[in-house]
Amino acid sequence: MRLLTIGVFARAAGLSPKALRLYDELGLLRPAAVDGDSGYRLYDPQQLERARLIAWLRRLGMPLVAIRRICDLPAAEAAVEVDAYWRQVLAETAERGRLATFLIDHLSGRGSTMGALGIRYAARSEAGPVRDSNEDTAYAGPRLMAVADGVRGGAGDRASAAAVDALKPLETVPVPAEDLLGALAEAVRDAGRAVGAIEGEAATTLTAMLWSGSRLALAHIGDTRAYRLRAGELSLITTDHTYVRTLVEQGRLSEAEAATHPQRSLLVRALTGPADVEADLSVHEAAAGDRYLLCSDGLAAAVPAGDLHAVLAGPGDPREVLDELIARAYAAGADDNVAAVVADVVPA
């Protein structure tokens, strides 16, 4: 079969000759032959499929190290990798969009003019009636709330405690509303480092809120959850990082099927070390009268959404509501640890 010059091959593949020379140097796309006299690179037409795939992946913005891995996979596995990469891009883009909106409002003076708000709160963590250990940690203070659920094993309890402890300095360091997200993101990185320093295979989920004035920053990784009750409507404001939730988002599983799936607790993201911190970060505007719930999956899996709504919307202060929620979890047969924080937003 006649070989193609680098210029002809580049045009056919949608790549530049410069890019082809780089891919040759990196071992990503070697030429079929190199002319001994001129040094020109020559390509086999059968290499066009790989070259076009590389071009398409580069247009997605995928780094070369990931492209190398995908190009060496069977087509079906490569499709799964591309889907996972693009979902990550969309999540990061949405996060940057929320941050951009916040910055535009802040810098243009269109941000909230509400007075400062405060919170009334309660936190509780229970091992449960059939567990001999408690891997869950719950914390609430005037400016910080957090729930962590350590992956069960020898270091689960230490992982959740270490993650929450790494956030606690935020209580004592003044953080302006415009710096909330950055401060919380750095604290979550500290939490990742703290978990990574634990001897053994340590991992934990984490959902945390940091308050300043009428704004709150939210960090989330894993299947702990954050809910907001506002004007009688209950909203889940985090997304579970689980295998089953991925299937639901792909349309391969219904919500009803997900609720009873045997792998519904299988995590795809958790805090395991500094290099693995991929928390969802967002900024929210709080309003007087809001009620927030942070909880581990031991509560969310045992108490139906309708019951959560009824208890949160009912009478009682945060401690009374929290006690009722945990009582309902165990009355429903929960066999997991349960950790939760309930907070009411009130005028300062």
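One can find the structure itself at the top, above this paragraph.
Residues numbered from 1 in each chain as written. Predicted model: local features only at pLDDT ≥ 70, side-chain atom pairs only at ≥ 80, totals over all residues. Heavy atoms only, no water.

1. Concerning the sheet that holds strand β8 (residues 215–221)
Here is step 1: Strands sit in the order β5-β6-β7-β8-β11 across an open sheet of five strands; the sheet is antiparallel. Either end of the sheet is taken by a strand with one partner, and the two such strands are β5 (136–140) and β11 (280–285). Going across the sheet, the axis of each strand differs from the next one's by a mean of 10°, ignoring polarity.
Here is step 2: Relative to strand β6 (residues 144–150), β5 is paired through five bridges, and the arrangement is antiparallel. What sits directly across from Tyr 139, in β6, is Ala 146.
Here is step 3: Where helix α6 (residues 156–167) meets the sheet, its contacts fall on β5, β6 and β7 (204–212), and the angle it forms with β6 comes to roughly 160°.
Here is step 4: Where helix α7 (residues 180–196) meets the sheet, it contacts β7, β8 and β11, and its direction lies at approximately 150° from that of β7. (Pairing = 2+ DSSP bridges. Helix = DSSP H or I, 4+ residues; strand = E, 2+ residues; numbered from the N terminus. Axes fitted to C-alpha atoms, helices over the stretch in contact; angles between N-to-C directions. Contact = heavy atoms within 4.5 Å.)

2. Observations concerning a nonpolar patch on the surface
Here is step 1: On the surface, Leu 60, Trp 86 and Leu 90 cluster together to form a nonpolar patch covering roughly 250 Å² of accessible area.
Here is step 2: Here Leu 60 lies in the loop between α3 (48–59) and α4 (64–71).
Here is step 3: Residue classification places Leu 60 among the partly exposed positions, given a relative accessible area of 31%. (Patch = residues over 30% accessible without salt bridge, like charges linked within 9 Å, V, L, I, M, F, W, Y side chains within 5 Å. Areas by Shrake-Rupley, 256 points an atom, 1.4 Å probe, with all protein chains shown as cover. Salt bridge = Lys/Arg side-chain N within 4 Å of Asp/Glu carboxyl O. Buried < 20%, exposed > 50% of the residue type's maximum accessible area, 1.4 Å probe, protein only.)

3. Things to note about the packing of helix α1 (residues 6–13) against α3
Here is step 1: Following both chains from N to C, one finds α1 and α3 inclined at 60°, their axes separated by 9 Å at the closest point. Of the possible angle classes, the one that applies to α1 and α3 is oblique. In the crossing of α1 with α3, the sense of the turn from one axis to the other is right-handed. Taking contact as the criterion, the partners of Phe 9, Ala 12 and Ala 13 in α1 are, on α3, Leu 48, Ala 51, Arg 52 and Ala 55.
Here is step 2: Within the contact of α1 with α3, the residues separate by chemical class into six nonpolar, no polar and one charged. (Parallel < 35°, antiparallel > 145°, perpendicular 65-115°, else oblique. Left-handed = near helix turned anticlockwise from the far one by under 90°. Nonpolar A, V, L, I, M, F, W, Y, C, P; charged D, E, K, R; others polar.)

4. A few points about the packing of aromatic side chains
Here is step 1: Considering all chains together, one arrives at two aromatic pairs under this definition.
Here is step 2: Consider the rings of Phe 9 and Tyr 43, whose centres lie 4.4 Å apart with planes at 10°: the pair is stacked. Residue Phe 9 is found in helix α1, and its partner Tyr 43 is found in strand β3 (residues 41–43); the two are separated by 34 residues along the sequence.
Here is step 3: With centroids separated by 5.6 Å and ring planes inclined at 85°, the aromatic side chains of Trp 211 and Tyr 292 adopt a geometry described as edge-to-face. (Phe/Tyr/Trp six-rings, centres within 6.5 Å; stacked < 30°, edge-to-face > 60°.)

5. Details of the packing of α3 against α4
Here is step 1: Direction vectors running N to C along α3 and α4 enclose 140°, while the axes themselves pass 10 Å from each other. Considering the angle they form, α3 stands oblique to α4. Between α3 and α4 the crossing geometry is right-handed. Between α3 and α4, the residues in contact are Arg 50, Leu 53, Ile 54, Leu 57 and Arg 58 and Leu 64, Ile 67, Ile 70 and Cys 71, respectively.
Here is step 2: Along the lines of polarity and charge, the residues of the contact of α3 with α4 split into seven nonpolar, no polar and two charged.

Distances and angles like these do not, on their own, reveal function.
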